[in-house]
Amino acid sequence: MQQLQMVDLKRQYNKIKNEIDIAISNVIESTAFIGGKDVSALAAELSAYVGVKHTIPCANGTDALQIALMALGLKAGDEVITPSFTYIATVEVVLLLGLKPVFVDVLPDAFTMDPVSLEGAITPNTKAIIPVHLYGQSADMAPILEIASKHGIPVIEDNAQAIGGSYTFPDGRIVKTGAMGTISCTSFFPSKNLGCYGDGGAIFTNDDDLAVKMKMIANHGQKVRYYHEMVGCNSRLDSIQAAVLRIKLPLLDEYCDARRAAADYYDNTFSSHPMLTVPYRAPYAHHVYHQYTLIVEGFDRDTLHTRLAEKGIPSMIYYPVPCHKQEMLKPYGTHDAVLPVTNALNACVISLPMHTELTEEELKYITTSLLEILG
Ligand SMILES: *Cc1c(COP(=O)(O)O)cnc(C)c1O
């Protein structure tokens, strides 16, 4: 057996090496390194896949969130509601723009924004809500969208971990993650479900005006070259990354299925163990398992992490410190925020290797070893 990894990008590359190598060398031959035809073609293909009118490729998922917030025209001190149980990027952009982060708790089973906690956090100053489709599973969007629309507040979906997933509305409508909010954002960081070979990201919307504005913001606030109408930034997706993504996008559903098959294997071996809670499969979501994250109780999580490592099995803690308790947030006075579910989860979650190339032999070794450790 080869050395186990959290994410095995080498084996995935080997299967598509010919197409990727040709696509990359075509970009080099064309020398259209920035804004080549692959970038606009990818944007159209992503719009079709996600089911939105406009896709604006950009440099990374963090920029995507920042540009989305900039486009909403918020002013200093406006409040933005996010879960604390997320990657720091969701929150960092709020701070960068001088906005006020307001943290809400997550559902204890789904790990995504608790609509009740959201409702309680809304004030007249709430100007945006950012639900995060954490670990590959859609947040419960119907109640979130209902609360947002009742108060006239735009929703930005953080879809960095769940592209390829979907949400089923109570009326039976199935919508892809990234096609539900006013704006949505994703990341093409290599280890994400749709990863490129460097940094990359994209912004999605059905709103024509916001699309124009976000395209300008990502390009120094200009529509016409050298005529700058507003303060923007420089956030572009390289042509080489777009070319890689154009090969991987048609494989995304297959990749998600491979992740789901690995999750099935894990679930089958772990679901009856008294110390383990397998990831919740919300009836409203098509989970695409960016992470496979267990809750461990009655056994020290960090000891489990160390023992797994001794057996050559990597595992990760996403995330060891919740956002509201990060040093970065100290000046914002959020360290004592009352978020009981978030505070409890950080101490007991552990994520196992999850990628598109896990073999049955590897899954068997990982699951058997983990059960042995728990005794
Ligand atoms: C990865 C990630 C981001 C940021 O994406 P980058 O491309 O790394 O900037 C934002 N939010 C979440 C939830 C993420 O997982």
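Residues numbered from 1 in each chain as written. Predicted model: local features only at pLDDT ≥ 70, side-chain atom pairs only at ≥ 80, totals over all residues. Heavy atoms only, no water.

On to the pattern of salt bridges, then. Taken as a whole and judged by the stated rule, the model has 17 salt bridges. The shortest N-O distance in the salt bridge between Asp-8 and Arg-11 comes to 2.9 Å. For the pair shown, Asp-8 and Arg-11 are each scored as buried. Put simply, Arg-11 and Glu-362 hold a salt bridge, and the shortest N to O gap is 2.7 Å. With Arg-11 in helix 1 (residues 9–30) and Glu-362 in helix 12 (residues 360–374), this residue pair connects regions lying 351 residues apart in the sequence. A relative accessible area of 15% places Arg-11 in the buried class. Given a relative accessible area of 2%, Glu-362 falls into the buried group. Salt bridges linked by common partners bring Lys-37, Asp-38, Glu-45 and Arg-246 together as one network. (Salt bridge = Lys/Arg side-chain N within 4 Å of Asp/Glu carboxyl O. Buried < 20%, exposed > 50% of the residue type's maximum accessible area, 1.4 Å probe, protein only. Helix = DSSP H or I, 4+ residues; strand = E, 2+ residues; numbered from the N terminus.)

Another aspect to go through is the sheet that holds strand 2 (residues 79–83). Strand pairing within a sheet occurs via backbone hydrogen bonds; the two strands may be parallel or antiparallel. The three strands lie next to each other as 3-2-4, forming an open sheet whose pairing is parallel. Because the sheet does not close on itself, it has two edges, and the strands there are strand 3 (100–104) and strand 4 (126–129). Adjacent strand axes in the sheet meet at a mean angle of 35°, parallel and antiparallel pairs treated alike. As paired strands, strand 2 and strand 4 are joined by three bridges and run parallel to one another. If you follow Ile-81 over to strand 4, its bridge partner there is Ile-129. Each of strand 2 and strand 3 touches helix 4 (residues 89–96); the most contacted strand, strand 3, lies at about 150° to it. (Pairing = 2+ DSSP bridges. Axes fitted to C-alpha atoms, helices over the stretch in contact; angles between N-to-C directions. Contact = heavy atoms within 4.5 Å.)

By themselves, these figures tell us nothing about what the structure is for.
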